[in-house]
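# Structural overview for review
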Amino acid sequence: MIGAIFTFLYRAIGFGGLAFLGLYVYDWGIPGASRIPYLSSIPIIGDLTTGRAHSFAADQVKLATAAQTAIYNARIEKMVSAAELTAANATLARERALRRMADEAAAEADKRAIDAKRGEEAKAAEIERLRAEADQDAELSRPNDKDRSWSPKR
(Lines give C-alpha, C1' and ligand atoms only; values in the text may rest on other atoms or scores of the structure.)
Protein backbone atom coordinates (compact mmCIF):
# COMPACT_ATOMS: atom_id res chain seq x y z
CA MET A 1 0.00 0.00 0.00
CA ILE A 2 2.83 2.39 0.86
CA GLY A 3 4.45 1.49 -2.47
CA ALA A 4 1.22 2.39 -4.27
CA ILE A 5 1.14 5.78 -2.52
CA PHE A 6 4.75 6.50 -3.50
CA THR A 7 4.08 5.45 -7.08
CA PHE A 8 1.02 7.71 -7.27
CA LEU A 9 2.95 10.65 -5.77
CA TYR A 10 5.91 10.03 -8.13
CA ARG A 11 3.60 10.12 -11.15
CA ALA A 12 1.66 13.13 -9.85
CA ILE A 13 4.42 15.46 -8.62
CA GLY A 14 7.58 13.88 -9.95
CA PHE A 15 10.89 13.16 -8.29
CA GLY A 16 11.54 16.78 -7.29
CA GLY A 17 8.13 17.09 -5.66
CA LEU A 18 8.56 13.77 -3.89
CA ALA A 19 12.03 14.84 -2.63
CA PHE A 20 10.56 18.17 -1.45
CA LEU A 21 7.70 16.41 0.30
CA GLY A 22 10.13 13.93 1.94
CA LEU A 23 12.39 16.69 3.20
CA TYR A 24 9.42 18.70 4.44
CA VAL A 25 8.11 15.71 6.40
CA TYR A 26 11.62 15.00 7.71
CA ASP A 27 12.07 18.59 8.85
CA TRP A 28 8.60 19.48 10.14
CA GLY A 29 6.89 16.13 10.56
CA ILE A 30 3.41 15.03 9.58
CA PRO A 31 0.91 17.70 10.65
CA GLY A 32 -1.19 16.51 13.59
CA ALA A 33 0.80 13.29 14.07
CA SER A 34 2.67 14.73 17.04
CA ARG A 35 -0.58 14.80 19.00
CA ILE A 36 -0.89 11.02 18.88
CA PRO A 37 0.27 9.68 22.26
CA TYR A 38 3.43 7.55 22.33
CA LEU A 39 3.92 7.84 18.55
CA SER A 40 6.90 10.12 19.00
CA SER A 41 8.59 7.62 21.34
CA ILE A 42 8.94 5.00 18.57
CA PRO A 43 12.50 5.44 17.25
CA ILE A 44 12.24 5.93 13.45
CA ILE A 45 8.53 6.56 13.11
CA GLY A 46 8.65 9.09 15.91
CA ASP A 47 11.34 11.09 14.09
CA LEU A 48 9.27 11.13 10.91
CA THR A 49 5.99 12.02 12.58
CA THR A 50 7.22 14.73 14.93
CA GLY A 51 9.84 16.17 12.63
CA ARG A 52 13.38 17.33 13.24
CA ALA A 53 12.36 20.84 14.38
CA HIS A 54 9.92 19.57 17.01
CA SER A 55 12.34 16.87 18.18
CA PHE A 56 15.11 19.44 18.53
CA ALA A 57 12.78 21.76 20.47
CA ALA A 58 11.71 18.90 22.74
CA ASP A 59 15.36 17.95 23.34
CA GLN A 60 16.23 21.56 24.17
CA VAL A 61 13.34 21.71 26.63
CA LYS A 62 14.59 18.51 28.27
CA LEU A 63 18.13 19.90 28.50
CA ALA A 64 16.95 23.22 29.93
CA THR A 65 14.69 21.44 32.40
CA ALA A 66 17.54 19.17 33.51
CA ALA A 67 19.87 22.15 33.93
CA GLN A 68 17.30 24.11 35.94
CA THR A 69 16.51 21.03 38.03
CA ALA A 70 20.21 20.66 38.83
CA ILE A 71 20.43 24.36 39.76
CA TYR A 72 17.35 24.15 41.99
CA ASN A 73 18.57 20.96 43.63
CA ALA A 74 21.89 22.66 44.39
CA ARG A 75 20.03 25.65 45.85
CA ILE A 76 17.86 23.36 47.95
CA GLU A 77 20.94 21.53 49.25
CA LYS A 78 22.57 24.87 50.01
CA MET A 79 19.44 26.07 51.83
CA VAL A 80 19.22 22.81 53.77
CA SER A 81 22.88 23.00 54.75
CA ALA A 82 22.42 26.68 55.68
CA ALA A 83 19.38 25.77 57.77
CA GLU A 84 21.30 22.95 59.44
CA LEU A 85 24.18 25.34 60.12
CA THR A 86 21.79 27.91 61.59
CA ALA A 87 20.19 25.24 63.79
CA ALA A 88 23.61 24.00 64.93
CA ASN A 89 24.72 27.55 65.74
CA ALA A 90 21.51 28.15 67.70
CA THR A 91 22.05 24.91 69.62
CA LEU A 92 25.66 25.87 70.32
CA ALA A 93 24.63 29.32 71.53
CA ARG A 94 22.00 27.78 73.82
CA GLU A 95 24.54 25.28 75.18
CA ARG A 96 27.01 28.10 75.84
CA ALA A 97 24.34 30.15 77.62
CA LEU A 98 23.39 27.15 79.77
CA ARG A 99 27.05 26.50 80.54
CA ARG A 100 27.57 30.15 81.55
CA MET A 101 24.48 30.03 83.80
CA ALA A 102 25.72 26.77 85.37
CA ASP A 103 29.15 28.31 86.00
CA GLU A 104 27.54 31.40 87.58
CA ALA A 105 25.31 29.20 89.75
CA ALA A 106 28.33 27.14 90.86
CA ALA A 107 30.29 30.31 91.70
CA GLU A 108 27.32 31.62 93.71
CA ALA A 109 27.01 28.28 95.54
CA ASP A 110 30.74 28.38 96.36
CA LYS A 111 30.35 31.91 97.69
CA ARG A 112 27.39 30.87 99.86
CA ALA A 113 29.36 27.86 101.14
CA ILE A 114 32.30 30.09 102.07
CA ASP A 115 29.93 32.52 103.81
CA ALA A 116 28.26 29.64 105.69
CA LYS A 117 31.67 28.29 106.74
CA ARG A 118 32.70 31.74 108.01
CA GLY A 119 29.39 32.04 109.90
CA GLU A 120 29.91 28.61 111.43
CA GLU A 121 33.43 29.52 112.48
CA ALA A 122 32.20 32.82 113.94
CA LYS A 123 29.50 31.01 115.94
CA ALA A 124 32.00 28.40 117.17
CA ALA A 125 34.36 31.20 118.22
CA GLU A 126 31.49 32.96 120.02
CA ILE A 127 30.56 29.72 121.82
CA GLU A 128 34.18 29.19 122.84
CA ARG A 129 34.35 32.80 124.09
CA LEU A 130 31.15 32.35 126.11
CA ARG A 131 32.38 29.00 127.50
CA ALA A 132 35.69 30.56 128.53
CA GLU A 133 33.82 33.44 130.13
CA ALA A 134 31.50 31.00 131.94
CA ASP A 135 34.47 28.96 133.21
CA GLN A 136 35.92 32.09 134.83
CA ASP A 137 32.68 32.99 136.64
CA ALA A 138 32.42 30.89 139.85
CA GLU A 139 28.90 32.03 140.72
CA LEU A 140 27.46 30.63 137.52
CA SER A 141 25.62 27.37 138.07
CA ARG A 142 26.58 24.31 136.08
CA PRO A 143 24.29 21.53 134.89
CA ASN A 144 24.68 18.28 136.80
CA ASP A 145 23.80 14.70 135.89
CA LYS A 146 20.24 15.07 137.16
CA ASP A 147 19.71 18.15 134.96
CA ARG A 148 21.14 16.32 132.00
CA SER A 149 18.75 13.40 132.47
CA TRP A 150 15.80 15.76 131.99
CA SER A 151 17.15 17.44 128.87
CA PRO A 152 16.31 15.88 125.52
CA LYS A 153 18.91 13.70 123.85
CA ARG A 154 20.80 15.28 120.99
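Residues numbered from 1 in each chain as written. Predicted model: local features only at pLDDT ≥ 70, side-chain atom pairs only at ≥ 80, totals over all residues. Heavy atoms only, no water.

This brings us to the overall build of the protein. Broken down by element type, the protein carries four helices and zero strands. The C-alpha radius of gyration computed for the protein amounts to 51 Å, which surpasses the reference 15 Å derived for 154 residues by more than 25%, pointing to a less compact arrangement than a globule. In terms of principal-axis extent, the alpha carbons of the protein reach across some 155 × 30 × 15 Å. Looking at the protein residue by residue over its 154 residues, the buried ones come to 8%. Residue pairs at least 24 apart in sequence account for 23% of intrachain contacts in the protein once pairs closer than 6 positions are excluded. Accessible surface, the protein: about 13,600 Å² in total, of which carbon and sulfur atoms supply 63%. (Helix = DSSP H or I, 4+ residues; strand = E, 2+ residues; numbered from the N terminus. Rg over C-alpha atoms; globule rule 2.2 N^0.38 Å. Buried < 20%, exposed > 50% of the residue type's maximum accessible area, 1.4 Å probe, protein only. Contact = heavy atoms within 4.5 Å. Areas by Shrake-Rupley, 256 points an atom, 1.4 Å probe, with all protein chains shown as cover.)

This part takes up the layout of surface pockets. In this structure, the largest pocket occupies an estimated 270 Å³ of space. Broken down by element, the residue count for the lining of the largest pocket peaks at eight residues, all from helix α1 (residues 2-28). Broken down by class, the residue content of the lining of the largest pocket amounts to nine nonpolar, one polar and no charged. (1 Å grid on protein atoms, 1.4 Å probe; cavity = no way out; pocket = protein on both sides within 12 Å on 5 of 7 lines; lining within 4 Å. Points joined across faces, edges and corners; volume = space filled by probe spheres on them. Nonpolar A, V, L, I, M, F, W, Y, C, P; charged D, E, K, R; others polar.)

All right, on to a nonpolar patch on the surface then. Where nonpolar side chains cluster on the molecular surface, the patch consists of F20, Y24 and W28 and spans about 370 Å² of accessible area. W28 sits in the partly exposed class, given a relative accessible area of 45%. (Patch = residues over 30% accessible without salt bridge, like charges linked within 9 Å, V, L, I, M, F, W, Y side chains within 5 Å. Salt bridge = Lys/Arg side-chain N within 4 Å of Asp/Glu carboxyl O.)

Our next topic: the pattern of salt bridges. Enumeration according to the criterion identifies four salt bridges in this entry. When salt bridges that share partners are traced, they join E126, R129 and E133 into one network.

Residue placement: E133 occurs in helix α3 (residues 52-136). According to the relative accessible area criterion, E133 is partly exposed, its value standing at 47%. E133 sits 52 residues away from S81 along the chain, and the two C-alpha atoms are 77 Å apart.

Let us now look at the confidence of the model for the protein. Averaged over the protein, the pLDDT score is 82; the fraction of residues at 70 or greater is 94%. Here helix α2 (residues 43-50) is the element of the protein with the lowest mean pLDDT, 72, and α3 is the one with the highest, 87. (pLDDT = per-residue confidence, 0-100.)

The next thing to look at is α1. Across its 27 residues, α1 extends only 20 Å between first and last C-alpha, which sits more than 12% below the 39 Å expected from 1.5 Å per residue. At G14, α1 shows its strongest bend, of approximately 110°. Among the residues of α1, those classed as buried are G14, L18 and D27. (Expected span 1.5 Å × (residues − 1). Bend = angle between axes of the 7 residues up to and from the residue.)

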